Amino acid sequence: MKNSKYLAILVLLIFAVSAFGQKDKPYQKWGKEDALKLLNDSAWSKPYQSNVGQANAAAGQIRREQGQTSSSGGSDPRSVARDFGPPPVTLRLHSALPIRQAIVRLQQIDLGYDKMSEADKAAFDKSKEGFLKCAICTDYYVVTLTKAVDASKSTVEEGVFQGMTLAELKGNIKLVNEKGEERELVEFNAPKGPRDQTVFYFKRTNEAGVPLFTADSKEVKFVFSPTFLEAKNRFAYLLPRTFEFKASKMVVDNVLIF
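Treat the numbers as computed from the prediction; the structure is a model and nothing was measured.

*Asks:* Break down the overall build of the chain for me, with residues and values.
*Replies:* Assigned secondary structure in the chain consists of six helices and ten strands. Here the chain holds 258 residues, and 42% of them are scored as buried. Excluding contacts between residues fewer than 6 apart, the proportion of contacts in the chain whose partners are at least 24 apart in sequence is 70%. Taken as a whole, the chain presents about 13900 Å² of accessible surface, with 53% of it coming from carbon and sulfur.

Here you go:
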């Protein structure tokens, strides 16, 4: 019964979210820039670039330039594109439908979906139904963290928290609302490679069945404990103390989309 109610709400929100996020266009009509914007800096996604990471990236850029000038026939270092931003991290509220729609839309664009036959479109849509519905999102808030490649377009060394365990993260990562109420991390998928995302799971409701966030909420916070961000954590330089989202920007037809 609970799942049926959630799916009914999901179906009703498909078009509402599309209108809310992309000027009355269903997600199948979003352009690539629309989808990328939603995934990288929107009501449901927050990029972060640390000062320490920026300094490290700048040093790496200088090393690349020096390598070019010292090599045989090296080019003018001024011709190397300067982008001192570090490999930034982006936190996404994956259990929010718009995030999943944006991911699917980018896949459509890559595959030439708009020029497919109706039969091929139907087959593609069928293959993405489970992803868009996200059954686990019925009971969990799902959040992902990704680390981008640097300015050289080379692969980053490792994904965020790659090689770490749930035991190391448990108690150090929480979802928090403006009242200070919390949800502890209950599950965690570590990235297996440098381009993989990190996935976090938090129970939606407490023992009384009350969700942490509602349409009346003001803030959605993803919080790291201060001790977790100490120097001994090799990922600490990449991360802020808190990722904060304005809940009001995620409300459609009096329903919080997360």
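*Asks:* Which residues make up the pattern of salt bridges, and what are the values?
*Replies:* Scanning all chains against the criterion turns up eight salt bridges. A salt bridge links Glu 184 to Lys 174; the nearest nitrogen and oxygen atoms lie 3.6 Å apart. Within this pair, whereas Glu 184 is found in strand β5 (residues 182-189), its partner Lys 174 is found in strand β4 (residues 173-177), the two being separated by ten residues in sequence. Residue class for Lys 174 comes out partly exposed when judged on its relative accessible area of 21%. One connected set of salt bridges, linked through shared partners, spans Lys 174, Glu 182 and Glu 184.

*Asks:* How would you sum up helix α4 (residues 97-111)? Please name residues and give values.
*Replies:* Between its first and last C-alpha, α4 extends 21 Å over 15 residues, near the 21 Å set by a 1.5 Å rise per residue. For α4, every residue scored as buried is listed here: Leu 97, Pro 98, Ile 99, Arg 100, Gln 101, Ala 102, Val 104, Arg 105, Leu 106 and Gln 108. Immediately downstream of α4, the backbone of Gly 112 shows phi near 70 degrees, a positive value.

*Asks:* I'd like to hear about the side chain of Lys 121, residue by residue, with values.
*Replies:* Mapped onto the fold, Lys 121 is located in helix α5 (residues 118-133). By relative accessible area, which is 17% here, Lys 121 ends up buried. Other than its neighbours up to four places away in sequence, Lys 121 contacts Tyr 113, Asp 114 and Met 116.

*Asks:* Any details on the packing of aromatic side chains? Residues and values, ideally.
*Replies:* Throughout the structure, instances matching the rule amount to 17 aromatic pairs. Centroid distance Phe 161 to Phe 228: 5.5 Å. Interplanar angle 55 degrees. Geometry classified as tilted. Here the residue Phe 161 occupies a position in the loop between β3 (140-147) and α6 (166-169), and Phe 228 occupies one in the loop between β7 (219-224) and β8 (242-246), the gap between them amounting to 67 residues. This pair shows no difference in class: Phe 161 is buried, exactly as Phe 228 is. Aromatic side chains Phe 222 and Phe 243 sit 6.3 Å apart centroid to centroid with 70 degrees between the ring planes, which places their arrangement in the edge-to-face category. Taken together, the residues Phe 222 in strand β7 and Phe 243 in strand β8 connect sequence positions 21 residues apart. Comparing Phe 222 with Phe 243 shows no difference in burial state: the two are buried. Ring pairing ties together the aromatic residues Tyr 48, Phe 161, Phe 188, Phe 200, Phe 202, Phe 222, Phe 224, Phe 228, Phe 235 and Phe 243, which thus form one cluster. Above the plane of the ring of Tyr 140 lies Lys 203, whose end atom (NZ or CZ) is 5.1 Å from the centre.

*Asks:* Talk me through the state of the cysteines; I want residue IDs and the actual numbers.
*Replies:* According to the stated counting rule, one finds one disulfide in the structure shown. Residue pairing for Cys 134: its cysteine sulfur links by disulfide to Cys 137, the two sulfurs lying 2.0 Å apart. In this structure the cystine formed by Cys 134 and Cys 137 twists about its S-S bond by roughly 60 degrees; its chirality is therefore right-handed. With a relative accessible area of 0%, Cys 137 lands in the buried category.

Here is what the cut-offs are and how they apply
Residues numbered from 1 in each chain as written. Predicted model: local features only at pLDDT ≥ 70, side-chain atom pairs only at ≥ 80, totals over all residues. Heavy atoms only, no water. Helix = DSSP H or I, 4+ residues; strand = E, 2+ residues; numbered from the N terminus. Buried < 20%, exposed > 50% of the residue type's maximum accessible area, 1.4 Å probe, protein only. Contact = heavy atoms within 4.5 Å. Areas by Shrake-Rupley, 256 points an atom, 1.4 Å probe, with all protein chains shown as cover. Salt bridge = Lys/Arg side-chain N within 4 Å of Asp/Glu carboxyl O. Expected span 1.5 Å × (residues − 1). Phe/Tyr/Trp six-rings, centres within 6.5 Å; stacked < 30°, edge-to-face > 60°. Lys NZ or Arg CZ within 6 Å of the ring centre and 35° of its normal. Disulfide = S-S within 2.5 Å.

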